[in-house]
Each structure stands twice: as C-alpha cells, then as structure tokens.
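So you can see what is in the structure, the chains are spelled out below.
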Amino acid sequence: MTDIVEACIARARASRTRVVFPEGHDERIVAAARRLADDGIAQPILLGANAEIAAAAGRAGVSLDRLVVTDPSASERLDAYAALYVTGRPDANAKVAGRLVKKPLFHAGLMVKAGDADAMIAGAANTTARVIEAGLMTVGLAPGMRAPSSFFLMVVPASADAPARNFIYSDCAVNVDPDAETLADIALASAQTCRDLLNEEPRVALLSFSTKGSAQHARVEKVTRALALARERAPELAIDGELQADAALVPSVAAKKVKGESTVAGRANVLVFPDLDAGNIAYKLTQCLANARAVGPVLQGFARPLSDLSRGASVDDIVATTALVLARA
C-alpha cells in the first residue's frame, strides 16, 4: 500500500505551497520549517518577534537561512489586514481590528484569507479552542458548514486476516456532543477529506451502539437524523447508519446485521463517531492495539486550509500534519 503521508508530501512538494506558522517562538516549529524548506515540501513563513524566533532556532540547532520571518506587530500589511477583517462586519471596531491583526494567530489567518499564504498551522503553543477561534474570525467556515470539526488519518498496518488500510476518523478532537446537524456537517466534511487525501470515493459510516434499529434510544435517533440530513445535502454520497463498528468494517458481520442493500456496511473508509468520547477513545485504541499510525488532529470545515496541532507534537508530527493540510490546499 502506498504510504499516504509520503504521497501527501510528494503532492505538497509539487505545488510548493506557502504555509504560515504563527508560533515561530517554538523550537519544534522552527525545526519543522527548516525541514519543510530543505526538503522542498513547502515555503514556510514564521511569525513572531525576530529575537524570539532566532532564539528558537538556536535551541533547535538550525539556521534561519532562506526562511521567511515576519513580525506581525511591524508588518507592512497591518492596515490591509485590518480592512479585510472589518469587511462584512458592520459592527466591527477599527481599533479592535488594528490590535487583532498584530496577534500572530489572527495575522496568520488573515494572511491565508488575503491569499498571502495557502495554509496556516498552529497549536504547538496554543489551545485548540484558540486556534479555532482565530480560524472562525478570519477565514471562516466553508459554504454550508455550521461548525468546524477535526479528523485523524489512521494508517492501519496489515494483519493476519486483513490488508493494510487507511481510514478517516472524525470527530476526535473538537465537538464534544454534536447535535444531528453538526454530525451531518462532520460526515460531509470528512467525506471531502477522504477524497482529498486518500484519493478514494468515501464510504461514510455513522457509528452507534445500534445497527439499523437494533436498539432504541435518543442517541440512536440523533445518528439516524444526521444520516437523513447528510443524504438530503449530498444525495450522491455513499453514507449509511446507524452502524456498529463491526457492521461498518467487517463484511461477514455486515451481511448478518444489515438487511437490505448498503454500499457502506462492511466497507467503510470514513468512520464518524457520535461524540468526542467515542472518537477520542477509538483512535487511541486503534493506535495502541493495532499499531496504527495516527496523523492529526487536522481541522476541517473551514473555507481555507488551516489546522491545529497537539501541544505535544514532535517535529515529525508537525511535518506530517503540514503535508496533509497542504495536500488539501
């Protein structure tokens, strides 16, 4: 099986996209930027005070040669970004906008919105909530989306009875208890992520503890309502639910549990979890018990590419997440 992360790196290398990192004071970010530039994967832009970025480079033991370094508080684009921020916001305060655009997260988001960068990666030093807030206030959501979400690319190695496979798991990091409308958003965003990254047609399973009415509960009703909404918005999409995980993944189990035709049961490549408890536990169990590689969380549902990082991310993690985001850019 093709290494999907390496395939994304190759796609990013071919396009030489510009990625802005608003946490240039973090030595892991600087080291990742150095690798991205040296390997021709992307054109990194580091935001922050020049002295802080230089100090981070020293700690990382790398050179800043040929890396773009920008201090948001002294950028010549401040007025343009402030004007862009207030556009479409009749109640926006110009003074507030002037302060916001000097903040690295907001400056980076407006760089992407203005077309001065192709993607933004943050989260090594900021919480997910702060990264999402900046994304919502700058690039905004994709048309039709009510909420952002996240996904993990799960690279599952071959076992004695199954070949190696890639999956999209969602949402594992953002929405704690999504309602039916948000769950439909997550399903549709994850389907597009599958097309972008795996180069496969998505087969989306909305997961539950019930399969096709085997249990009656309000949580099951939420999933079936999400299925109806997603089908209404994307009638061409192969999506089914509610399905238990074995019915979604194992053809022999699907044949017993799912009556009638399903293009998803037993063949799912996108797993949408009913809440954050299920999603977060599932990706970690898959990672630990199946020796799977988990790349993410990566944000989705925004109008332009941006993503979060784990605050414990390694340089390798940052490079891999950047490759996934740029492959979608």
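Here is a short report on the structure shown in this document. In this text the structure is predicted, and so the values were computed from the model without any measurement. (Residues numbered from 1 in each chain as written. Predicted model: local features only at pLDDT ≥ 70, side-chain atom pairs only at ≥ 80, totals over all residues. Heavy atoms only, no water.)

## Focus: the sheet that holds strand β3 (residues 68–70)
Heads up, the condition is: Paired strands are those between which DSSP finds at least two bridges. In this text, helices come from DSSP runs of H or I with a minimum length of four residues, and strands from runs of E with a minimum of two, each type numbered from the N-terminal end. In this analysis, two residues are considered to be in contact whenever any of their non-hydrogen atoms come within 4.5 Å of each other. For helices, the axis comes from a line fit to the C-alpha atoms of the stretch in contact; other axes are also lines fit to C-alpha atoms, and the angle between any two N-to-C directions lies between 0 and 180 degrees.
Taken together, the five strands give an open sheet; going across it, the order is β3-β2-β1-β4-β11, and neighbouring strands pair in parallel fashion. Both outer strands of the open sheet, β3 and β11 (306–307), are each paired with one neighbouring strand and no more. Pairing of strand β1 (residues 18–21) with strand β2 (residues 43–47) involves four bridges; the strand directions are parallel. The residue bridging V19 from the neighbouring strand is P44, located in β2. Of the strands in this sheet, β1 and β2 touch helix α2 (residues 27–38), which is tilted by about 155° from β2.

## Considering the sheet that holds strand β10 (residues 293–300)
Ordered in space as β8-β7-β9-β6-β5-β10, the six strands form an open sheet in which the pairing is mixed. The open sheet terminates on both sides in strands that have one partner only, identified here as β8 (238–243) and β10. Direction aside, neighbouring strands of the sheet carry axes that sit 20° apart on average. Pairing geometry for strand β6 (residues 165–170) and strand β9 (residues 270–272), over three bridges, is parallel. Residue Y169 lies in a different strand from β9, and its bridge partner there is L271. Strands β7 (203–207) and β8 of the sheet are contacted by helix α9 (residues 218–233), whose axis makes an angle of about 170° with β8. Its contacts with the sheet put helix α13 (residues 315–328) on β5 (149–156) and β10, and the angle it makes with β10 is roughly 50°.

## A look at the environment of K95
Its place among the elements puts K95 in helix α5 (residues 94–100). Between the C-alpha atoms of K95 and A82, which are 13 residues apart in sequence, the distance is 8.9 Å.

## Observations regarding the packing of helix α1 (residues 4–15) against α13
Short version of the rule: Between 65 and 115 degrees an angle is taken as roughly perpendicular, under 35 as roughly parallel, over 145 as roughly antiparallel, and anywhere else as oblique. Crossings are classed by handedness, with left-handed meaning an anticlockwise turn of the near helix from the far one by less than a right angle and right-handed meaning a clockwise turn. Side-chain classes are defined by residue name, with Ala, Val, Leu, Ile, Met, Phe, Trp, Tyr, Cys and Pro counting as nonpolar, Asp, Glu, Lys and Arg as charged, and the others, Gly among them, as polar.
It is at 8 Å that the axes of α1 and α13 come closest, and there the two elements cross at 60°. The angle between α1 and α13 falls in the class oblique. In this structure, α1 crosses over α13, and the sense of that crossing is left-handed. Contacts between α1 and α13 involve V5, C8, I9, R11 and A12 on the former and, on the latter, A320, A323, L324, L326 and A327. Tallied by class, residues from the contact of α1 with α13 come to nine nonpolar, no polar and one charged.

## A short note on the packing of aromatic side chains
The geometry of an aromatic ring pair comes down to the distance between the two centres and the angle between the two planes. We count it as follows: Side-chain rings of Phe, Tyr and Trp (the six-membered ring for Trp) are treated as a pair once their centres are within 6.5 Å; stacked means planes under 30 degrees apart, edge-to-face means over 60, and tilted covers the remaining angles. Summary of the burial criterion: residues with accessible area below 20% of their type's maximum are buried, those above 50% are exposed, and those between are partly exposed, where the area comes from a 1.4 Å probe applied to protein chains only.
Within this structure, the stated rule accounts for three aromatic pairs. Ring centres of F152 and Y283 lie 3.8 Å apart, and the angle between their planes is 20°; on these two criteria the pair is classed as stacked. Of this pair, F152 sits in strand β5 while Y283 sits in helix α12 (residues 276–289), placing them 131 residues apart in sequence. Taking relative accessible area as the criterion, F152 reaches 3% and is therefore assigned buried. Through a chain of ring-to-ring contacts, the aromatic side chains of F167, Y169 and F273 assemble into a single cluster.

## Some remarks on the nonpolar core
To keep things clear, this is the line we draw: The definition of a nonpolar core used throughout is a set of buried Ala, Val, Leu, Ile, Met, Phe, Trp, Tyr and Cys residues joined through side-chain atoms within 4.5 Å.
The biggest cluster of nonpolar side chains holds 65 residues, and the ones touching the most others in it are L153 and L324. In contact with L153, not counting residues within four places along its chain, are I4, V5, N166, F167, I168, L198, R293, A294, V295 and L324. Judged by nonpolar contacts, the second largest core, of 26 residues, contains L78, Y81, M111 and A134.

That's the geometry; what it means functionally is another story.
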